[in-house]
Amino acid sequence: MIEMLTGALGALMRPEVLLATVAGTAGGIIIGAIPGLTATMAVALLIPVTFGMDPILGLALMGGVYSGGMYGGAISSILLSTPGTPAAAATAFDGYPMTRKGQGGVAIAVATVASFWGGVISTLALLLVAPWLAHVALRFGPPEYFLLAVLGLTSIVTLTSGNLLKGLISGAIGLAIATVGMDPIGGYLRFTAGQIDLYEGVSFMPALIGLFSISQILELTSETHIVELGADLSTLKNRKLPSGLAPTIARGGLLGTVVGILPGAGATIAAFISYNFAKQLSKDPNSFGHGNPKGVAASESANNGCVGGSLVPLLTLGIPGNSVAAALMGGLMIHNLIPGPELFTRYGTVTYAFILSLFVANIAFLVLGLYFAPFFARVATASNALLIPGIAILSVVGSYAIQNSLFDVWLMLAFGLGGYFLHRAGFSLGAVVLGLILGPIAELGFGQSLAISGGSAAIFFQRPICLILWGLVVLLLLPAFIKRKPA
Amino acid sequence: MNKKVLDILGGVAGLILAVAMYSAALSFPDRAPDAARYVKFLAVTIMVLCGALIVQAWFRRGIQIPIQWVKAPRAFTITVVLTLAYAVSMNWVGFYAGSFFYMVVLAWALKYRQPVRLMAFSLCLLLAVYGVFEKFLGVPVPHGVWEAWL
């Protein structure tokens, strides 16, 4: 392994490979920051471009896009409450309130550093213990996936700052919306009203853009600037990080790596669970949702932790952890690199160079993010009269671009208007989003588990990993109910 | 409308939704037992939660503050109407022309009074969209009546 690592390091240090990694990362940041554009899209488009390239060069470029894209989502999430990627949705809960207080620069710096360490932790795991981790992930069956969804749903309790009942109803509404379309077990069409665009379910990205972005610009119509009156604008340039973030970042990075390894779970769930942990373990949970930097650090370290995590089953077993990893699999196969043990033996130099390029990508976005944070943060000082139509145009084209469909634009607007009034009525939009994300995973895990057990719910209590997950659910719920003040 | 009335009405709306979901699940064919079981489970959950919300609101005491739905009615209405008009017209006017018109009119209606900056911002934004979405990603945005010219 040492020999291959040395060879990989030599290959990585070639100027063109370093340049490709940095260019990919910069491109990924831009794509990640634009709502509707995803790293999956960019990586998929790069596959034919990299065909004629040296494999290390092509893979480094795609790895850079993946890392940069995951981080870039935080920028628009923090500054405009418009998550560039679904994984950055939880970042908005504390990032946007920080921007409102004039601390947008600090929030981006926190997100950058947290993403960096999250990425480094997961890449180290990928480098050192990938085969072992991949076999642990294979022990996750339908009951474990269902309980992982339940674990994610416990975040509703954390996300709800007012009436808990309304938070739970919001989550249930999200779960109900997620039932639209083909049921994941039998393929039966539900609640589609004959609309072909709904056969595959409510498209998640337009819903997310509508709930976070459009509802937010409608809120902004009553103000002249995002930054609140009286906020100290000098802090826009302040990049000094708040202290005490290290445990939150380390926990988020590890959690992201573990969740990222599980195929189908993904960075969004990891970010929500990490946010939940950070809030429950905090001495001041009430400050979350009002601009606590730990909220930003928790979600960002977890979603970037998924980058390396999602590559573990891909490189070792040929099972992509998420959609970007699936696109990357195409990138590997186009160069005749078939995922499996041979990647770490016969093609070890290329594989390790690719893994090491992820470290370079993390360093690239750390430097770029910290340098540009104060410039990015200036967006929040622009007039709302300019920002409102600007964000709306990006939301429209972002929703349209997912499937080249105007139906998605209308879906996005419907979610935006509905979300605005739900928010005004005291319901939690974060909980609706969580229900939407976790609905399909929960339903599939629930249905498959009962099919395996012949209808007995005991299957959710018999397996060791299930018991651990139940323990975590209780661990997260108990303090929330003990600390909760009456609404 | 105050919070108490809103919560009761919200609870009733949720109950209606849950009953509708449950009835729809009853009509699912026998070959789709999983699809029906999960929907029924969700419908019952929503029923219980909404019932609890109604009870909680019903017994709530104290001064009830009216809900403020919209803080700036003029700006809110203009934004909603223009955004809907923008979406409706996109297929006919085309994305770029529609977006430029929408940007300028809405910003002006929201009292932005720096025409040069407004034009520059609009053009830069649309150029960026053209470069990233149309040229790099090949997204075929609607061109409307300009289709024949492009």
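Parameters at a glance
Residues numbered from 1 in each chain as written. Chains lettered and ligands numbered in written order. Predicted model: local features only at pLDDT ≥ 70, side-chain atom pairs only at ≥ 80, totals over all residues. Heavy atoms only, no water. Helix = DSSP H or I, 4+ residues; strand = E, 2+ residues; numbered from the N terminus. Rg over C-alpha atoms; globule rule 2.2 N^0.38 Å. Contact = heavy atoms within 4.5 Å. Areas by Shrake-Rupley, 256 points an atom, 1.4 Å probe, with all protein chains shown as cover. Lys, Arg positive; Asp, Glu negative; His and termini not counted. Charge placed at Lys NZ, Arg CZ, Asp CG, Glu CD. Buried area = accessible area lost by both parts, 1.4 Å probe. Salt bridge = Lys/Arg side-chain N within 4 Å of Asp/Glu carboxyl O. Polar contact = N/O pair within 3.5 Å; in protein donor to acceptor, adjacent residues only side chain to side chain. pLDDT = per-residue confidence, 0-100. Expected span 1.5 Å × (residues − 1). Buried < 20%, exposed > 50% of the residue type's maximum accessible area, 1.4 Å probe, protein only. Phe/Tyr/Trp six-rings, centres within 6.5 Å; stacked < 30°, edge-to-face > 60°. Lys NZ or Arg CZ within 6 Å of the ring centre and 35° of its normal. Axes fitted to C-alpha atoms, helices over the stretch in contact; angles between N-to-C directions. Parallel < 35°, antiparallel > 145°, perpendicular 65-115°, else oblique. Nonpolar A, V, L, I, M, F, W, Y, C, P; charged D, E, K, R; others polar. Patch = residues over 30% accessible without salt bridge, like charges linked within 9 Å, V, L, I, M, F, W, Y side chains within 5 Å. Core = buried A, V, L, I, M, F, W, Y, C linked by side-chain atoms within 4.5 Å. Left-handed = near helix turned anticlockwise from the far one by under 90°.

1. Remarks on the overall build of chain A
Within chain A, the regular secondary structure consists of 20 helices and 2 strands. Its C-alpha radius of gyration of 21 Å places chain A within 12% of the 23 Å reference for a compact globule of 487 residues. Overall, chain A is about 60 × 60 × 50 Å in size when its C-alpha atoms are taken along their principal axes. Partitioning the contacts of chain A with sequence separation of at least 6, the portion at a separation of at least 24 is 80%. Of the roughly 16,600 Å² of accessible surface on chain A, a fraction of 69% belongs to carbon and sulfur atoms. Here chain A contributes 20 positive and 17 negative side-chain charges, whose respective centroids are spaced 13 Å apart.

2. Examining the interface of chain B and chain A
Taken residue by residue, the interface counts 60 residues in chain B and 52 residues in chain A. Approximately 5,100 Å² of surface area, both sides summed, lies buried where chain B meets chain A, with 82% of it carried by carbon and sulfur atoms. Of all residues in chain B, Tyr38(B), Trp69(B) and Phe133(B) bury the most surface against chain A, accounting for 13% of the area lost on that side. Along the contact surface separating chain B from chain A lie 1 salt bridge. Note that Lys166(A) is salt-bridged to Asp7(B), the shortest N-O span being 2.6 Å. If you look at where chain B meets chain A, you find 6 residue pairs in polar contact (both at pLDDT 80 or more). Contributing elements (two or more residues each) for the side of chain B that touches chain A: helix 1 (3–26), helix 2 (33–58), helix 3 (73–93), helix 4 (95–109) and helix 5 (115–136) of chain B. Broken down by element, the residue count for the side of chain B that touches chain A peaks at 12 residues, all from helix 2 of chain B.

3. Some remarks on the confidence of the model for chain B
Residue and element names in this part refer to chain B. Per-residue confidence for chain B gives a mean pLDDT of 92; residues scoring 70 or more make up 99%. At the level of individual helices and strands, chain B shows its lowest average pLDDT in helix 5, which scores 92, and its highest in helix 4, which scores 96. In the predicted complex, the global pTM is 0.84; the interface-specific ipTM is 0.94.

4. Side note on helix 9 (residues 164–177) of chain A
Residue and element names in this part refer to chain A. Between its first and last C-alpha atoms helix 9 spans 20 Å; for 14 residues at 1.5 Å apiece the expected length is 20 Å, and the two agree. With 12 of its 14 residues buried, helix 9 lies for the most part within the structure. Buried residues of helix 9: Leu164, Leu165, Lys166, Gly167, Ile169, Ser170, Gly171, Ala172, Gly174, Leu175, Ala176 and Ile177, and no others. The N-terminus of helix 9 is capped by Asn163, whose side-chain oxygen sits 3.0 Å from the backbone nitrogen of Leu165.

5. Description of the side chain of Glu300(A)
Residues and elements named next belong to chain A. Topologically, Glu300 is positioned in helix 13 (residues 293–317). In this structure the side chain of Glu300 is engaged in a polar contact, spanning 2.7 Å, whose partner is the side chain of Thr91. Of note is the side chain of Glu300, whose polar atom sits 3.1 Å from the side chain of Asn303. Setting aside its immediate chain neighbours within four residues, Glu300 contacts Met70, Tyr71, Ala74, Ala88, Thr91, Ala111, Ala114 and Ser115.

6. Quick look at the pattern of salt bridges
All names here are of chain A. Tallied over the full model, the rule gives 9 salt bridges over all chains. A salt bridge links Asp54 to Arg14; the nearest nitrogen and oxygen atoms lie 3.3 Å apart. With Asp54 in the loop between helix 3 (39–50) and helix 4 (55–80) and Arg14 in the loop between helix 1 (2–12) and helix 2 (15–33), the pair connects residues that are 40 residues apart, well separated along the chain. Ionic contacts of the salt-bridge type, sharing partners, join the residues Arg14, Glu16 and Asp54 into one network.

7. Details of the packing of aromatic side chains
The full count for this structure, using the stated rule, is 26 aromatic pairs over all chains. Judged by centre distance (6.1 Å) and plane angle (50 degrees), the rings of Phe191(A) and Phe28(B) are tilted. Highlighted residues: Phe191(A) in the loop between strand 2 (189–190) and helix 10 (204–220) and Phe28(B) in the loop between helix 1 and helix 2, drawn from two different chains. A relative accessible area of 32% means that Phe191(A) is categorised as partly exposed. We classify Phe28(B) as buried; its relative accessible area is 10%. An aromatic cluster of three or more residues is present, and its members are Phe93(A), Phe212(A), Phe272(A), Tyr275(A) and Phe288(A). Sitting over the face of the ring of Phe427(A), Lys166(A) holds its NZ or CZ atom 5.4 Å from the ring centroid.

8. Brief notes about the packing of helix 5 (residues 92–100) of chain A against helix 6 (residues 104–137) of chain A
Residue and element names in this part refer to chain A. Look at helix 5 against helix 6: their axes get within 7 Å of each other, and the N-to-C directions meet at 150 degrees. Considered as vectors, helix 5 and helix 6 are oriented roughly antiparallel to each other. Along the contact surface, helix 5 presents Gly95, Met98 and Thr99, while helix 6 presents Gly104, Val106 and Ala107. By residue class, the composition of the contact of helix 5 with helix 6 is 3 nonpolar, 3 polar and no charged.

9. Quick look at the environment of Ile452(A)
Residue and element names in this part refer to chain A. For Ile452, the location among the structural elements is in helix 18 (residues 429–453). Take Ile452: its relative accessible area is 55%, and that puts it in the exposed class. Spatially, the C-alpha atom of Ile452 lies 9.5 Å from that of Pro143, the residues being 309 residues apart in sequence. For Ile452, the residues in contact, after removing those within four places along its chain, are Pro142 and Ile459.

10. So, a nonpolar patch on the surface
Residue and element names in this part refer to chain A. Together, Met1, Leu124, Leu128, Val129, Trp132 and Val136 make up an exposed nonpolar region whose accessible area comes to about 580 Å². If you trace the backbone, Val136 turns up in helix 6. According to the relative accessible area criterion, Val136 is partly exposed, its value standing at 34%.

11. What about the environment of Leu82(B)?
Residues and elements named next belong to chain B. Tracing the chain through its elements places Leu82 in helix 3. Along the primary structure Leu82 and Ala97 are separated by 15 residues, whereas in three dimensions their C-alpha atoms are 14 Å apart. The residues touching Leu82, leaving out its near neighbours within four places in the chain, are Tyr102, Val105 and Leu106.

12. Some points on the nonpolar core
Ranked by internal contacts, the top residues of the largest apolar core, which has 219 residues, are Phe272(A), Leu311(A), Leu315(A), Phe95(B) and Phe133(B). Ranked by residue count, the leading element in this core is helix 6 of chain A, at 16 residues.

13. Notes on the packing of helix 11 (residues 246–261) of chain A against helix 13 of chain A
Residues and elements named next belong to chain A. In contact at an axis separation of 6 Å, helix 11 and helix 13 are set at 35 degrees when each is read in the N-to-C sense. You can see that helix 11 and helix 13 cross each other, and the crossing is right-handed. Where helix 11 abuts helix 13, its residues Thr248, Ile249, Gly252, Gly253, Gly256, Thr257, Gly260 and Ile261 lie against Lys294, Ala297, Ala298, Ser301, Ala302, Gly305, Cys306, Gly309, Ser310, Val312 and Pro313. Among the residues making up the contact of helix 11 with helix 13, the classes are represented as 8 nonpolar, 10 polar and 1 charged.

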